Number of protein chains: 2
Amino acid sequence: MSEPTTPVACLLLIGNELLSGRTQDQNLAFAGQRLAALGIPLAEARVIADDTATIVRHVNDCRQQFDYVFTTGGIGPTHDDITAAAVARAFDRELERNPAAEQVLLEFYGDKVNAARLKMAEMPVGAVPIDNPLSGAPGFQIENVFVLAGIPSVMQAMFDALAERLDRGAPILSLTLTTNCREGELAAGLGEIQQQFPAVSIGSYPFFETDRYGVNLVLRGTRQDDLETVAAATEALIASLAGDCQR
Amino acid sequence: MSEPTTPVACLLLIGNELLSGRTQDQNLAFAGQRLAALGIPLAEARVIADDTATIVRHVNDCRQQFDYVFTTGGIGPTHDDITAAAVARAFDRELERNPAAEQVLLEFYGDKVNAARLKMAEMPVGAVPIDNPLSGAPGFQIENVFVLAGIPSVMQAMFDALAERLDRGAPILSLTLTTNCREGELAAGLGEIQQQFPAVSIGSYPFFETDRYGVNLVLRGTRQDDLETVAAATEALIASLAGDCQR
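Residues numbered from 1 in each chain as written. Chains lettered and ligands numbered in written order. Predicted model: local features only at pLDDT ≥ 70, side-chain atom pairs only at ≥ 80, totals over all residues. Heavy atoms only, no water.

## What about the UniProt feature "domain: MoaB/Mog" (unreviewed entry) in chain A?
Here is step 1: Here, the residues flagged by UniProt with the feature "domain: MoaB/Mog" (unreviewed entry) are residues 10–169 of chain A.
Here is step 2: Helix and strand shares over residues 10–169 of chain A are 39% and 21% respectively, and the end C-alpha atoms of the span are 15 Å apart. (UniProt positions renumbered as here; feature names shortened; annotations may be inferred. Helix = DSSP H or I, 4+ residues; strand = E, 2+ residues; numbered from the N terminus.)

What follows is the structure in structure tokens.
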């Protein structure tokens with residue numbers, strides 16, 4: 001029996017405020033965790049400016065390279081919200097007022113609806129809205145591209161609303177060992193373990209804190225028994241180094 | 001007199017732990033802020049996996065497109081630290097033990113030096129080390145590419161050590177106005193102001209908190225008098241909407 005193929009994802013974080021450092025991104029870590037749990041590894045993310053040509057180029061590059069593309073940011077009512085129009089251009093489709101999205105906005109805003117707010121119903125022809133239970137204005141899907149809000153709480157709610165549309169792979173499991181061995185002491189043995197067990201990815205992440213230093217060793221793979229085998233080999237390595245370092 | 005050209009930068013955040021969501025990135029916001037202050041806008045960032053072919057492809061793509069490229073991550077002693085070798089391959093140069101970097105490591109580790117730790121002195125031929133006052137092992141520069149550590153405190157110390165090597169543009173200034181108007185009320189007038197003053201970039205960033213909502217309007221440009229002119233126009237817009245919202 002052949003292994004099922006694993007779909008892979010790309011995240012496009014759209015917004016000048018991320019590149020200027022004004023806003024600390026929170027969407028990358030959320031998407032990475034949720035996609036790993038769905039068995040859809042996040043293979044790449046790009047942070048790009050609110051610029052039409054830039055968005056068009058990256059959407060087209062990524063939607064051809066990856067199974068799924070998620071964009072965040074730039075779908076509000078103001079002049080700097082250009083993501084929907086740019087995605088329409090990337091797909092060479094007209095931008096239209098999506099009837100279902102318009103209905104949502106009319107109900108959400110009531111007599112406070114205006115032209116700027118109705119702009120948030122504009123989507124490429126053929127797009128399917130994504131529910132926004134927090135602030136009304138929906139995101140949308142077009143082919144393998146999912147266009148989400150930038151505000152983390154809204155982005156997260158939209159992600160929950162779209163997750164059922166995704167084809168899933170085997171969930172990626174992880175197991176973390178922490179040691180106060182230094183990386184330089186572990187490196188040789190750890191490299192040998194990695195060579196012996198290629199199905200598990202071993203990441204080595206040192207930390208320096210004021211009262212403590214050491215390394216987090218993160219084992220990732222799709223089979224729990226593989227993780228446990230590699231964990232046992234790694235524990236044995238750490239024990240063998242006990243003269244220099246200990247758990 | 002022609003305006004001086006503005007150099008632009010790209011950041012390559014290298015690390016599986018960022019894409020899996022295990023580690024919350026802090027280097028993007030730091031680099032964005034510091035580069036803006038140096039007059040070198042961060043135009044793009046990419047988060048990529050610890051994979052040689054992937055690193056080679058992105059380093060080569062970015063070093064041709066941008067004046068400066070900064071990489072973070074993957075320069076430690078373990079098997080998953082492959083950035084230096086990948087950057088050498090991107091430049092089609094041999095990896096060699098840099099004599100100056102080797103000397104630093106011999107002094108830093110003393111009798112605890114070993115093969116894994118000396119791996120951190122391996123750099124492409126022609127690379128110039130970047131001081132690491134925190135944990136010994138240096139980063140390096142090769143042409144317009146600066147290879148830095150991933151741990152935020154170490155990355156920041158390396159950035160401080162290299163900043164004097166960069167050609168600077170006009171520092172990017174910013175001015176933030178906060179209002180509890182909603183974006184949908186501001187959008188029409190704000191779009192007109194943006195059209196009238198193209199030298200200032202106006203970003204509109206709504207926030208929803210439990211006890212408070214509103215919008216941060218962030219004005220960015222290189223001339224303080226431009227920012228103040230646009231701020232006055234925006235204040236006037238907000239005042240004109242006072243029936244619907246107020247500061």
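Having seen the structure, we can now continue with the description.
## Some points on the interface of chain A and chain B
Here is step 1: Taken together, the contact between chain A and chain B spans 55 residues of the former and 55 residues of the latter.
Here is step 2: Put simply, chain A and chain B have 0 salt bridges between them.
Here is step 3: Counting across the interface, chain A meets chain B through 22 residue pairs in polar contact (both at pLDDT 80 or more).
Here is step 4: A class-by-class count of the residues in the side of chain A that touches chain B yields 21 nonpolar, 21 polar and 13 charged.
Here is step 5: Pairing analysis gives 4 bridges linking strand β2 (residues 42–48) of chain A to strand β2 (residues 42–48) of chain B, with the strands arranged antiparallel. What sits directly across from valine 47 of chain A, in β2 of chain B, is alanine 45 of chain B. (Contact = heavy atoms within 4.5 Å. Salt bridge = Lys/Arg side-chain N within 4 Å of Asp/Glu carboxyl O. Polar contact = N/O pair within 3.5 Å; in protein donor to acceptor, adjacent residues only side chain to side chain. Nonpolar A, V, L, I, M, F, W, Y, C, P; charged D, E, K, R; others polar. Pairing = 2+ DSSP bridges.)

## Quick word on the sheet that holds strand β10 (residues 201–209) of chain A
All names here are of chain A.
Here is step 1: A sheet is described by the order of its strands in space; here 3 strands give the open sequence β9-β11-β10, paired in antiparallel fashion. The strands lining the two open edges of the sheet, one partner per strand, are β9 (173–179) and β10. Between one strand axis and the next, the sheet turns by 20 degrees as a mean value, whatever way the strands run.
Here is step 2: The sheet contact formed by β10 and strand β11 (residues 212–221) spans 9 bridges and is antiparallel. Bridging across to β11, tyrosine 205 finds its partner in asparagine 216.
Here is step 3: Its contacts with the sheet place helix α9 (residues 224–240) against β9, β10 and β11, and it is angled at close to 10 degrees to β9. (Axes fitted to C-alpha atoms, helices over the stretch in contact; angles between N-to-C directions.)

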